[in-house]
There are 2 protein chains.
Amino acid sequence: MAEGEAKVISTDPLHENEAVWTKLVKKTYIDPKGVTRTWESAERTTRPKGSDIDGVGIVAILEKETGPEIVLQKQYRPPLDKIVIELPAGLIDEGETAEQAAIRELKEETGYVGKVIEMSPVMFNDPGFCNTNLRMVHVSVDMSLPENQDLKPELEENEFIEVFLVKLDALWEECIKLEAEGYAIDARIANLAEGIEIAKRFKL
Amino acid sequence: MAEGEAKVISTDPLHENEAVWTKLVKKTYIDPKGVTRTWESAERTTRPKGSDIDGVGIVAILEKETGPEIVLQKQYRPPLDKIVIELPAGLIDEGETAEQAAIRELKEETGYVGKVIEMSPVMFNDPGFCNTNLRMVHVSVDMSLPENQDLKPELEENEFIEVFLVKLDALWEECIKLEAEGYAIDARIANLAEGIEIAKRFKL
């Protein structure tokens, strides 16, 4: 990163009357045998009314003569106190569809102008712990467009994102290398890379 | 499921003095421009001292003559109030390695006896929201072992898990079909399926 190194300077309990973006809830449920039990769950407070998802992840692939490349980001994340290797991603705005959010976030975070080609089912990030979820939106990026030659990201003042490209075919090795260099790896990328490796291993 | 239908009967605020498994924290950090900011983060309270992960996810593949099949589970998850399609998975016990946890959880949840063949980098489930993470452990299952013919899962009294197999090659279509039937899809499986589809699309 061009800027200085970000770091956590203190970690304190977040009292329930101060929490704005997150909350904990207690789910009382009847289990499959009819027994009443409780379960603790973490939630975002930001999911728009009527939306079935919190946000989107964006699989943006550039088709080059040397092979397809995927758009990745380096972004400092306070929950981990590390720079995380992530896909472009973002929360849904009120009244926005997943496709709209994907095109908007890709443009804002990376500058690339893309076109939606496919959408995943709703995916839940950690269903035993929280209800956060997203859809993965697959986007093609036409490199012949002038906007895609001269990228102009529009970051917010508290966003610090470095965009880079990785050959799809080398994504797994790249994840291992980046982890060894001290970066944290987002699960969406690592699982995607894993799927590619498994497809190769079993010649699917 | 053989048992009745599980369901949430109430959702209440979880007060901080009652939370046992989860907590919210406030991270005060210096951003890359030197500005002091705060960020809300959710955490599990259960990560063992000295462990860099909360748990493991298990990619257990059965090599059959008709093609490789992956071991999946249906499990009711109170945070979503839905039955979730998941990989076998579980939290690390104190003093346990990721490999040991994977072999133990696979046996307990599915009955399969497996052998570790590969391990992923640490993957973070939702780095803008929480610090929960896991390693994916790839396990081969030797179907010629008698234990793997006559499966004996050892579920805890509050675990209700139905195990099933899906052809690796059809994992993406199967995720879409299961979502249409009302199941929620765990991100690890859906991203893995996505990786397989991308590898096929680009002939990697």
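Residues numbered from 1 in each chain as written. Chains lettered and ligands numbered in written order. Predicted model: local features only at pLDDT ≥ 70, side-chain atom pairs only at ≥ 80, totals over all residues. Heavy atoms only, no water.

A. Looking closely at the UniProt feature "domain: Nudix hydrolase" (unreviewed entry) in chain A. The sites that UniProt annotates as "domain: Nudix hydrolase" (unreviewed entry) are residues 51-188 of chain A. In the segment residues 51-188 of chain A, helix accounts for 18% and strand for 43%; the C-alpha atoms at its two ends are 21 Å apart. (UniProt positions renumbered as here; feature names shortened; annotations may be inferred. Helix = DSSP H or I, 4+ residues; strand = E, 2+ residues; numbered from the N terminus.)

B. How the structure looks around the pattern of salt bridges. Residues and elements named next belong to chain A. Enumeration over the complete set of coordinates arrives at 42 salt bridges over all chains. A salt bridge links Arg37 to Asp31; the nearest nitrogen and oxygen atoms lie 2.7 Å apart. The burial state of Arg37 is the same as that of Asp31; both residues are buried. Shared partners join several salt bridges into a network, and the residues in it are Asp93, Glu96, Arg104, Glu105 and Glu108. (Salt bridge = Lys/Arg side-chain N within 4 Å of Asp/Glu carboxyl O. Buried < 20%, exposed > 50% of the residue type's maximum accessible area, 1.4 Å probe, protein only.)

C. Expanded view of the sheet that holds strand E2 (residues 22-30) of chain B. Spatially, 3 strands are ordered E1(A)-E2(B)-E3(B) in an open sheet, and the strand pairing comes out antiparallel. In the strand order of this sheet, the two ends are held by strand E1 (7-13) of chain A together with strand E3 (36-44) of chain B, each with one partner. The average angle at which neighbouring strand axes cross in this sheet is 30°, direction not considered. With 9 bridges connecting them, E2 of chain B and E3 of chain B associate as antiparallel partners. The residue of E3 of chain B that forms the bridge with Thr28 of chain B is Thr38 of chain B. (Pairing = 2+ DSSP bridges. Axes fitted to C-alpha atoms, helices over the stretch in contact; angles between N-to-C directions.)

D. Summary view of the packing of helix H2 (residues 171-180) of chain B against helix H3 (residues 187-201) of chain B. Residue and element names in this part refer to chain B. Remark: H2 packs on H3, axes separated minimally by 8 Å, with the N-to-C direction vectors making an angle of 140°. One way to sum up the angle between H2 and H3 is to call them oblique. Here Leu171, Trp172, Glu173 and Cys175 of H2 come into contact with H3, specifically with Ile189, Ala190, Ala193, Glu194, Ile196 and Glu197. Within the contact of H2 with H3, the residues separate by chemical class into 7 nonpolar, no polar and 3 charged. (Parallel < 35°, antiparallel > 145°, perpendicular 65-115°, else oblique. Contact = heavy atoms within 4.5 Å. Nonpolar A, V, L, I, M, F, W, Y, C, P; charged D, E, K, R; others polar.)

E. Quick peek at the interface of chain A and chain B. Each side of the interface is counted separately: chain A has 93 residues, and chain B has 93 residues. Summing both partners gives a buried area of about 8900 Å² for chain A against chain B, and 63% of it is carried by carbon and sulfur. Together, Leu24, Pro32 and Glu40 of chain A form the three largest contributors to the area buried by chain A at its contact with chain B, with a combined 9%. Summed over the shared surface of chain A and chain B, the result is 43 residue pairs in polar contact (both at pLDDT 80 or more). Looking at which element gives the most residues to the side of chain A that touches chain B, the answer is helix H3 (residues 187-201) of chain A, with 12 residues. Residue composition of the side of chain A that touches chain B, grouped by class: 48 nonpolar, 17 polar and 28 charged. (Buried area = accessible area lost by both parts, 1.4 Å probe. Polar contact = N/O pair within 3.5 Å; in protein donor to acceptor, adjacent residues only side chain to side chain.)

F. Molecular detail of the relation of the copies chain A and chain B. Least-squares fitting of chain A to chain B yields an RMSD of 0.0 Å, with the transformation described by 0.0 Å of translation along the axis and a rotation of 180°. The operation mapping one copy onto its partner corresponds to a two-fold rotation axis. Ranked by how close their C-alpha atoms come to the rotation axis, the residues of chain A are headed by Gly195 of chain A, at 2.0 Å. (Least-squares fit on C-alpha atoms with pLDDT ≥ 70 in both.)

G. Looking closely at the pairing of strand E2 (residues 22-30) of chain A. Connecting E2 of chain A to the next strand, strand E3 (residues 36-44) of chain A, in antiparallel fashion are 5 residues, including Gly34 of chain A with a positive phi near 90°. Note: E2 of chain A against strand E1 (residues 7-13) of chain B, 6 bridges, orientation antiparallel. Residue pairing for E1 of chain B: Thr28 of chain A is matched across the bridge by Ser10 of chain B.

H. Examining the sheet that holds E2 of chain A more closely. If you walk across this open sheet you meet the 3 strands as E3(A)-E2(A)-E1(B), and the pairing is antiparallel. Because the sheet does not close on itself, it has two edges, and the strands there are E3 of chain A together with E1 of chain B. Sheet twist, expressed as the average angle between the axes of neighbouring strands with direction ignored, equals 30°.

I. Structural view of the packing of aromatic side chains. Residue and element names in this part refer to chain A. Within the structure shown, the criterion is met by 3 aromatic pairs over all chains. Ring centres 6.5 Å apart and planes at 70° place the aromatic pair Tyr29 and Trp39 in the edge-to-face group. With Tyr29 in strand E2 and Trp39 in strand E3, the pair connects residues that are 10 residues apart, well separated along the chain. Residue Tyr29 is classed as buried on the basis of its relative accessible area of 4%. Above the face of the Phe164 ring, Lys74 is positioned so that its terminal group lies 5.1 Å from the ring centre. (Phe/Tyr/Trp six-rings, centres within 6.5 Å; stacked < 30°, edge-to-face > 60°. Lys NZ or Arg CZ within 6 Å of the ring centre and 35° of its normal.)

J. Spotlight on the environment of Gly111 of chain A. All names here are of chain A. Structurally, Gly111 can be placed in the loop between helix H1 (98-110) and strand E8 (114-124). The buried category is assigned to Gly111, whose relative accessible area is 2%. Along the primary structure Gly111 and Ala190 are separated by 79 residues, whereas in three dimensions their C-alpha atoms are 24 Å apart. Discounting residues that sit within four places of it in the chain, Gly111 has contacts with Leu106, Glu147, Asn148, Leu151, Lys152 and Pro153.

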